[in-house]
Structure formats: C-alpha cells, structure tokens
Number of protein chains: 2
Amino acid sequence: MLKDQHILRIPGPSPIPPSVGRAMNQTMIGHRGKETKELLERILPKLKSVFGTKQDVIPVAGSGTAGLEMAVSNAAHPGDDVLVIVSGAFGDRFAKICDAFQLKLHRIDVEWGDTIDPQAVQEYLQAHPEIKVVFATYCETSTGILNPIEQLAKTIHESSDALFVVDGVSCLGGVEANMDEWGVDIYVTGSQKAFMLPAGLMFIAASERAWKVIEDNPQPRFYLDMRVYRKNLEKVSTPYTPALSLLFGLDQVLNLLEEEGLENVYHRHIVMRDMTRAAFKALDIPLLAADEDASPTVTAVRPADFDSETLRSAVKEHFNLTMAGGQQHLKGSIFRVGHMGYCSPADVLQTISLIEIGLVKIGKDIQLGKGVQAAQEIYLQQEEK
Amino acid sequence: MLKDQHILRIPGPSPIPPSVGRAMNQTMIGHRGKETKELLERILPKLKSVFGTKQDVIPVAGSGTAGLEMAVSNAAHPGDDVLVIVSGAFGDRFAKICDAFQLKLHRIDVEWGDTIDPQAVQEYLQAHPEIKVVFATYCETSTGILNPIEQLAKTIHESSDALFVVDGVSCLGGVEANMDEWGVDIYVTGSQKAFMLPAGLMFIAASERAWKVIEDNPQPRFYLDMRVYRKNLEKVSTPYTPALSLLFGLDQVLNLLEEEGLENVYHRHIVMRDMTRAAFKALDIPLLAADEDASPTVTAVRPADFDSETLRSAVKEHFNLTMAGGQQHLKGSIFRVGHMGYCSPADVLQTISLIEIGLVKIGKDIQLGKGVQAAQEIYLQQEEK
C-alpha cells in the first residue's frame, strides 16, 4: 500500500487544509504584542458571521468538552433546575457535566438516531416552570442527526424564560448557525470538525440575556469564566496565553470559508450528505437516521447483514481509510462516515468507491460502482450555487 | 468548490507526500559539513537499488533536461555518429540536444503512441557500424508508452559496440530499472515524477564501459561533467552546492519506497495503469497506446467523440482536477492522466469518478459508475503482493 497516505473520514478530527498547516507553522510571536492584536482583529469579526451573531465569539484554548463545561458553569447558577435533551453520547455528556456541578438535572432522552420533538420540550417546560436552562446538541456526532435548533429555540422561548444552550461542536462552520435570528442563547463549538483545525481550540458566544445571567452568576470558576474573556475582548486581548498556532491556522480557515462563501460551504455539506446517503441506499445498506433528521457533516450506517468492525478493518488495511465505529450501546452495530470541513464531493466519491471494495472484501454481494453512480447522480442534480 | 484542494493528475510534477514536504522544511545545513556527508551516506546506496546498479548514482541540481544534456555531452565524443530513437516529444528532445552538440545525428522515428521494434534498431545498427551511442526514452511521457528497454539493450549490444543511453525521467522509481542486469549504459531520471519530489534534482548513472568513454571524452563541459561528480563521490561529497532541501526530501522518499518495498511500488503502478485503462475501455473511450505498450505511470486517452480540452476544463472547473493535454501534433486530440509516485488505487478511483462526471457535464452519454466499476474489478483481481 502507498505509504504516507491517510484517508481520514471520521466525524472529526478532520483533515487539515495544506494552507492551514502552513499557516500554523509560522514563527511564534509574543501573545501581548501588536501582531497578536492584529491577528485577533482579523479573526473576531469573521467568527461572528460563522456563528450568525453580533455578539462576541470567544476563542478559548481547550477542547470541545471545555466549551461544554464553560457553557454549563456560566449559564447555570448553583442549584438551578436544568433540562438536558439527550439524543446521543454528547447530549449525555452535557448531562454528566450538569451532574458534576450538582445542578437539578431533568433530562429528556430520545431514541439514538432520532431527533427531539420540540412539542415534547414545550410540554416538559410547561410542567416544569422552574427550569432555568435547556441544553441541546445541534449535530449529535454519535448518531449523525441534526436536532431542529431553530424550532427548539422558538418553542423554548414561547414556553419559558429558560436560556437555550446549544452544543454545535460537530457542525458549526459546516451548517447554518443563525444564532441571533433563531434565538440561541449560548453556542459552543470546537476547532477539529468543520473548522478544519487540529483540536485544542473552542469557541463560545452568548446572547444579551445570557450575558445578564452569566455576569451575576456566583458559580465558582476561573479559567472558564466567560466574563474575564469578554472583558479582555474589549481591548482585543485574551486573559490567558492563547493557543497562537491554532489562531494562525484559524486566520487561514476563515479566509478559506470567506473565499468559498459560507452559503456555498453549507451547500457543499448538504450535497456530501445526500451523496453519501444515496450511495448506501443504492447498495441496500440501512442508515441509522431518517432523511429529514440527517446531519450534513456525518452519516451513521447500521448494516443489517455484515459486521461494521470487519468493514472498518478492511478499508483501513487496504486503503488506510479510517471510518468511525459506534459509541456506547451502538458500538459494533454502526459505523460512521465523516464528511465535514476539508472534504469535497470528490472525496465522498473516493470514500464510497473504497467502501464498495471493502464490502466485496468482507464477502458482501454488491454491484461495484452502484453506490458511486448514485452519488454521482446526486452531485449532478445539486450543483454548487 | 472546496478551496485549497488540488487533485494533480498530470504525468509530473506529481503530488508530494506530506512527510516529504515536512522533511524538505528542515533547518538548512552547511553543504560541506558532517550532516551533509551523513545525508549522502544514507541516500546513495538506496538510489543504487532504485536504478538496479552497483554503479554510483549521481544526484545533480538541475531538471530532467539537464540530465539528458549530461548524458549526451558525456557519452558522445565531438563529431560522433549517434542514433536517437524518437517515439515522442522527449525522444525528440534527445535529438535536439545531439543537434546542439553538432553530433552526426541518425534518428528512427516511431509513430507517436507506438513503441520501437528492437528489430528495426538492429537492422539500422548493422547498416551503420559507425554509430557510437544509441539514445532511447523508457517512458515516453507525451504518449504514455514504455519502450522495451531490456530487449533494446540486448539487441544493441549484440549488433554493435554503441553505448545505450536511456531517459528514465517519467518512470524510474515507478517501474523496474535493472540497469546492470539489462545492460543499460547510462540512465537519467528526474525528481518530479515517480520520485515524489519537486523538480530541481536529476540523477544519472553510467556503466563501466560508459565510464571509459566518459573519462577520455574531450567534449568541452563543466557543470555537467560527470567525471567531477564521480571524483567527489569517492569522498561522499559534491563538486558544487547541492540542492539540500531536495536531498532532505529524497532521504524521506527513499524511506517511503523502502517501507513499501520496491516490488510493491512497481506492482502498485501496474495496477493503477490497468485500473485506468479498464475504466476508459468500459466507457468506450479509445486509448492512444496498445495494452502491451502502455506505461504504468501515465495513460494517454484519444477521445473519438468529444473534445479533450473541454473535458479537461470541466474537471478543472468542478473539482480542481488537473489532467495534461497533448504535446506537439497531439495537442488537442489527446489528454493524459498521470498515476505515478504519490498516487494510489484509491486516487485512481477518485480520478475516474470525477472524469465520469466531467463527461456528463460536457454532454457525453455514458453510464455513470461504469468506469469506476471496471477499475474496482481490476483492483480486486490484482492484489498487492
């Protein structure tokens, strides 16, 4: 096998664009100097358009989970009643963090692979007016679904004063965020998914009403205290040492997104989702999520007549193609194909052609090229705007 | 379209493996110091196995054409009668260089797309015993054919004392060279093809009998005088400043070739050739060369019912996929797909799936996925050894 080729198709970390790799290799600079200020001046306004907000978007050195904790520890006051919508492993993580902070945890569990019905949330909130914060996951990485954030925001604000906090880790940058327009109170995301960067950076933004709650929140916190970051942003600075090489890379990522155009980036992800799903359907291989629930960034496949892990090993062995397995109770019964960030329809076609070979390798009787053909047809139907 | 993705499928320059790019970015070193000596000590023996020779393989800063001139100006004495086998643009270049050196030029022209018949060379040499050097091209990049070097060497040595000089620029590193076993007197190649490096470095090796001719050659030459390089190699050094970053990269390229195993590297190229040809056949698109003449590193396609340039523009516009056009009188009537060096069967499948979309885009009526399927079947038939 060709050495030094790695085809990375997991739902993050995702491949790094060459120009971003080069950008990250810049000579180190002082984090209190003029260059860092200029770097932040370039980055900050562009981050706002990815989030769809007029609010500050705060970059923090830490992984996505640090972002989730930052949301919990800043949005929820000690002892608050909070509702977590759990549609997979990452909704469950929100719940674990709320537990760790000894909040009064309410949870609505959704069947893994399904999305939440806003109606159920409305009824729950009406029955529990004491709930102060609602937590939801936008793209549930473990199942490949996209929860209906716009409708959820609407429903929640109609039925209560609770803040609406959204984990956008595995999709922001690849799908519409519309924070202000939809009324999301806090958005969190990470750098290693649709943001095309290595892990190590997370981003968080809060609405005006969220900031009021955050400002007088007595919850003990230091590194993850959003107030300190906001204060420093006023003078275009960071309270603690920023992850500079990741910011160098982010600067270039934002250039690439601007060059392509956010509308086109979002459309490209939808096309990649539809190409991937059409391919598996053409091969008669069941998908975990329904069409209307599917995420543009990751597709979860639930094979009926072959073993996911055997297929994953086969494509890894033959092509160094890495796909993800299932998490928790879905371990072994599904596999997940990432198509986010630095990934194109051309990459999706390659991935499908390799999966087809892998399927033959593990003895499944398929017609080679059939999945590729279905994906090619979708591409031809849905041109880039 | 996804920015910063470039799918480079021309017959060189070819893509650079990431680890080679990183290797080339090492801190610069002194070219007369211990590090450079150690670098050359690692590189030189491994180059010999790629060439299949016990002789020194000399790396020189210059492009492939500098290598061709080095072969001519060192192998041919002033006024010598030389025979150039011209099967395409690069055989023609050999002839031009011989002209520039005012040698007595004989040429056998072969129809572009065909290979030379050793019989014709034998007859010519028997009729012209005055010929001192025979020049041939191993892979003729302009037509995608591979001349029968082993049989040519045999025939030439049986019928005359002429030296046999071979241009291996667009295939060495991707196909068997067997310099000593076959009896090639001088091999030349470049860095930007199957060697997976940027252009700027060329390699040349000579047999014992060739060295005798070179040593007492009065032809005026300085930078390209092979004697000076040979002398310096005795103390593992170079006469002039070496292209160090390319040597850093070469060091890693040779590691990658060793890791994969030269036999597997050659087999991979044969599989990529067969996959590519099977795909175009399945799509009823004519190939320029016959199966028995086809090179494992590049495939030339001669469409009967669509315009090559229109297809090349379509795949460039939609996927930033670059294919090569035709040269000289084949300009406009063929296109060429490179599959050499840092290129895998997975890349070939991607390229074919994109060409299929391009064909539909330019209005050709094909069955999508048909070429991919044919290539997948070849892959499954011919496993890596």
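Each chain has its residues counted from 1, running along the sequence as written. Here every chain gets a letter starting at A, and every ligand a number starting at 1, in the order they are written. It should be noted that, the model being predicted, local features are given only for residues of pLDDT at least 70 and side-chain atom pairs only at 80 or more, the latter also being counted only at that level, while totals for whole chains, interfaces and linings use all residues. The side-chain values count all of the structure's non-hydrogen atoms but skip hydrogen atoms and water molecules.

A few points about the UniProt feature "modified residue: N6-(pyridoxal phosphate)lysine" (unreviewed entry) in chain A
Residue and element names in this part refer to chain A.
Right, so step 1: Feature annotation in UniProt places "modified residue: N6-(pyridoxal phosphate)lysine" (unreviewed entry) on Lys 193, given in this structure's numbering.
Right, so step 2: With respect to the helices and strands, the residue Lys 193 is situated in the loop between β9 (186–190) and β10 (201–206).
Right, so step 3: Any two residues whose heavy atoms approach within 4.5 Å are treated as being in contact. Those residues in contact with Lys 193 that sit more than four places away from it in its chain are Pro 11, Gly 12, Ser 14, Thr 141, Val 169, Ser 170, Met 340 and Gly 341. UniProt positions are given in the numbering used here, feature names are shortened, and annotations may be inferred rather than shown by experiment. Where helices and strands are cited, they refer to DSSP runs of H or I of at least four residues and of E of at least two residues respectively, numbered from the N terminus.

Comments concerning the sheet that holds strand β11 (residues 298–301) of chain A
Residue and element names in this part refer to chain A.
Right, so step 1: Should DSSP find at least two bridges between two strands, the strands are regarded as paired. Read across the sheet, three strands follow the order β11-β14-β13 without closing on themselves; strand pairing throughout is antiparallel. With one partner strand each, in any of the chains shown, β11 and β13 (324–325) form the two edges of the open sheet.
Right, so step 2: Where β13 and strand β14 (residues 335–338) come together, two bridges link them in antiparallel fashion. Paired with Gly 325 across the bridge in β14 is Phe 335.

What to know about unusual backbone geometry
Right, so step 1: Omega for the bond connecting Gly12(A) with Pro13(A) falls within 30 degrees of zero, at -5°, which places this linkage in the cis form.
Right, so step 2: Along the chain, the position of Pro13(A) falls in the loop between β1 (7–8) and α1 (18–24).
Right, so step 3: A positive phi angle, near 60°, is found at Met196(B), a position not held by glycine.
Right, so step 4: You can call Met196(B) buried: its relative accessible area is 3%. Under the scheme applied here, a residue whose accessible area is under 20% of the maximum for its type counts as buried, over 50% as exposed, and between as partly exposed, the area being computed with a 1.4 Å probe on protein chains only.

Remarks on the relation of the copies chain B and chain A
Right, so step 1: Least-squares fitting of chain B to chain A yields an RMSD of 0.0 Å, with the superposition described by an axial translation of 0.0 Å and a rotation of 180°. Put plainly, the chains are arranged around a two-fold axis.
Right, so step 2: The overlap is high: 100% of the interface residues of chain B also sit at the interface in chain A, so the same surface is used on both sides. Superposition of the copies used a least-squares fit over C-alpha atoms from residues whose pLDDT is at least 70 in both.

A word on the packing of aromatic side chains
Residue and element names in this part refer to chain A.
Right, so step 1: Classification of ring pairs uses Phe, Tyr and Trp, with its six-membered ring standing for Trp, and accepts pairs whose centres are within 6.5 Å; under 30 degrees between planes counts as stacked, over 60 as edge-to-face, and the remaining range as tilted. Applying the stated criterion across every chain yields a total of 24 aromatic pairs over all chains.
Right, so step 2: The interplanar angle of 85° and the centroid separation of 6.0 Å between the aromatic rings of Phe 51 and Tyr 187 together place this pair among those described as edge-to-face. Placement of Phe 51 in helix α2 (residues 34–51) and of Tyr 187 in strand β9 is noted, with a sequence separation of 136 residues between them. In this pair, the class of Phe 51 matches that of Tyr 187, namely buried.
Right, so step 3: Members of the aromatic cluster, each reached through a chain of ring pairs, are Phe 51, Tyr 138, Trp 182 and Tyr 187.
Right, so step 4: A cation over an aromatic ring shows up here: Arg 230 above the ring of Trp 211, its NZ or CZ 4.1 Å from the ring centre. Our definition puts a charge over a ring when NZ of Lys or CZ of Arg is within 6 Å of the ring centre and also within 35 degrees of the ring normal.

Considering the domain arrangement of chain A
Residues and elements named next belong to chain A.
Right, so step 1: Each domain span listed reflects an automatic or database assignment of domains. Partitioning chain A into structural domains gives domain 1 (7–13 + 261–384) and domain 2 (18–258).
Right, so step 2: Each of domain 1 and domain 2 was reduced to a C-alpha centroid, and the two centroids are 28 Å apart.
Right, so step 3: The partner domain 2 presents 29 residues to the 27 residues of domain 1 that form the contact.
Right, so step 4: Taken over both partners, the interface formed by domain 1 and domain 2 buries close to 2300 Å², and the fraction arising from carbon and sulfur atoms is 61%.
Right, so step 5: The term salt bridge refers to a side-chain nitrogen of Lys or Arg lying within 4 Å of a carboxyl oxygen of Asp or Glu. In this structure, the connection of domain 1 to domain 2 is made through zero salt bridges. Buried area counts how much accessible surface, traced with a 1.4 Å probe, disappears from two parts once they are put together, with both parts' losses summed.

Concerning the UniProt feature "domain: Aminotransferase class V" (unreviewed entry) in chain A
Right, so step 1: Listed under "domain: Aminotransferase class V" (unreviewed entry) in the UniProt record, and renumbered for this structure, are residues 27–329 of chain A.
Right, so step 2: Secondary structure across residues 27–329 of chain A divides into 44% helix and 17% strand, with the first and last C-alpha atoms of the span separated by 46 Å.

Brief notes about the side chain of Thr238(B)
Residues and elements named next belong to chain B.
Right, so step 1: As for its position among the elements, Thr 238 is in the loop between α9 (226–233) and α10 (244–260).
Right, so step 2: We classify Thr 238 as buried; its relative accessible area is 10%.
Right, so step 3: A distance of 3.0 Å separates a polar atom in the side chain of Thr 238 from the backbone oxygen of Tyr 240.
Right, so step 4: Leaving out residues up to four positions away in the same chain, Thr 238 has contacts with Arg 32, Leu 40 and Asn 232. In the analysis that follows, any N or O atom pair within 3.5 Å is treated as a polar contact, provided that within protein one partner can donate a hydrogen and the other can accept it, and provided that, for residues neighboring in sequence, both atoms belong to side chains.

So, helix α6 (residues 149–159) of chain B
Right, so step 1: Every buried residue belonging to α6(B) is among Ile149(B), Leu152(B), Ala153(B), Thr155(B), Ile156(B) and Ser159(B), and all of these are buried.
Right, so step 2: Buried residues along α6(B) sit against β3 (81–86), α5 (118–127), β5 (131–137), β8 (163–167), α7 (179–182) and β9 (186–190) of chain B.

Digging into the pattern of salt bridges
Residues and elements named next belong to chain A.
Right, so step 1: Tallying each qualifying case throughout the model produces 42 salt bridges over all chains.
Right, so step 2: Salt-bridge contacts for Asp 109 lead to Arg 107; the nearest nitrogen and oxygen are separated by 2.7 Å.
Right, so step 3: Exposure remark for Asp 109: the relative accessible area of 46% places this residue in the partly exposed category.
Right, so step 4: Residue classification places Arg 107 among the partly exposed residues on the basis of a relative accessible area of 34%.

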